[in-house]
Amino acid sequence: VDSRLGPIQTEIDPAARQALVDAVHTVLREDVVYVPTHVQPLVWGVRDGVTVVQRADNFFILRWVSVDG
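Every chain is numbered independently, its residues counted from 1 as its sequence is written. Residues qualify for local features only when their pLDDT is at least 70, as the model is predicted, and side-chain atom pairs are given and counted only at 80 or more; totals for whole chains, interfaces and linings, by contrast, use all residues. Working from all heavy atoms in the structure, the side-chain values ignore hydrogens and water.

Colleague: Help me get a handle on the overall build of the protein chain, residues and values and all.
Modeller: Of the regular secondary structure elements, the protein chain holds two helices and two strands. Secondary structure elements follow DSSP: runs of H or I of four or more residues count as helices, runs of E of two or more count as strands, with numbering from the N terminus. The helix and strand sequence of the protein chain, counted from the amino end, reads α-α-β-β. Judged by the C-alpha coordinates and their principal axes, the protein chain covers about 65 × 30 × 15 Å. Each residue's exposure class comes from its accessible area (1.4 Å probe, protein chains only) as a fraction of the maximum for that residue type: buried when under 20%, exposed when over 50%, partly exposed otherwise. Counting all 69 residues of the protein chain, 4% fall into the buried class. Accessibility throughout is a Shrake-Rupley quantity obtained with a 1.4 Å probe, and a residue counts as covered only by protein chains that appear here. Split by element, the accessible area of the protein chain, about 6,300 Å² in all, is 58% carbon and sulfur. For the protein chain, the distance from the average site of its 6 positive side-chain charges to the average site of its 9 negative ones is 7 Å. None of His or the chain ends enter the tally, which takes Lys and Arg as positive and Asp and Glu as negative. By convention, the point assigned to a charge is CZ for Arg, NZ for Lys, CD for Glu and CG for Asp.

Encoded structure:
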């Protein structure tokens, strides 16, 4: 795969470049086992008097937090 990445970056013919990308994709799909080494868990919590709009992508926006009292 590494030897095919350089030519992809320098190929100016769209059809030839797509053929190179397709070849790399085929190698990755058929020959390489992908094992995720990290899965980021989403941490959620609740408390009386605190309201938070929690995004599913775990991006925390402070202005979406309100504390009563």
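Colleague: Give a description of the pattern of salt bridges that names residues and reports values.
Modeller: What makes a salt bridge here is a side-chain nitrogen of Lys or Arg within 4 Å of a carboxyl oxygen of Asp or Glu, nothing more. If you walk through the whole model with that rule in mind, you get one salt bridge. Where Glu 30 meets Arg 29, a salt bridge forms, and the shortest distance between an N and an O atom there is 3.5 Å. Neither Glu 30 nor Arg 29 differs from the other in exposure class; each is exposed.

Colleague: Account for the environment of Val 67, naming residues and giving values.
Modeller: Examined against the element boundaries, Val 67 turns out to sit in strand 2 (residues 65-67). Judged by its relative accessible area of 61%, Val 67 is exposed. Remark: the alpha-carbon pair of Val 67 and Asp 48, spanning 19 residues in sequence, is separated by 9.1 Å. Not counting residues up to four positions away in its chain, the partners in contact with Val 67 are Gly 49 and Val 50. Residue contacts follow a heavy-atom distance rule, with two residues in contact if any of their heavy atoms lie within 4.5 Å.

Colleague: How would you sum up a nonpolar patch on the surface? Please name residues and give values.
Modeller: A grouping of Val 50, Val 52, Phe 60, Leu 62 and Val 67 is seen on the molecular surface, where their side chains present a nonpolar patch of about 470 Å² in accessible area. By the element assignment, Phe 60 lies in the loop between strand 1 (50-52) and strand 2. For patch detection, residues must exceed 30% relative accessible area and be free of salt bridges, and they are connected within 9 Å for like charges or within 5 Å for nonpolar side chains (Val, Leu, Ile, Met, Phe, Trp, Tyr).

Colleague: Kindly report on the packing of helix 1 (residues 2-10) against helix 2 (residues 14-31), identifying the contributing residues and their values.
Modeller: Axes here mean lines fitted to C-alpha atoms, for a helix over just the part in contact, with angles spanning 0 to 180 degrees between N-to-C directions. Where helix 1 meets helix 2, the axes come as close as 9 Å, and the angle between the chain directions of the two elements is 155°. Accordingly, the angle class assigned to the pair helix 1 and helix 2 is roughly antiparallel. Helix 2 is crossed by helix 1, and the crossing has left-handed handedness. The residues of helix 2 that touch helix 1, namely those facing Arg 4, Leu 5, Pro 7 and Ile 8, are Arg 17, Leu 20, Val 21, Ala 23, Val 24 and Val 27. Orientation labels follow simple angle bins: below 35 degrees gives roughly parallel, above 145 gives roughly antiparallel, 65 to 115 gives roughly perpendicular, and whatever is left gives oblique. Crossing handedness is read from the near helix: turned anticlockwise from the far helix by less than a right angle, it gives a left-handed crossing, and turned clockwise, a right-handed one.

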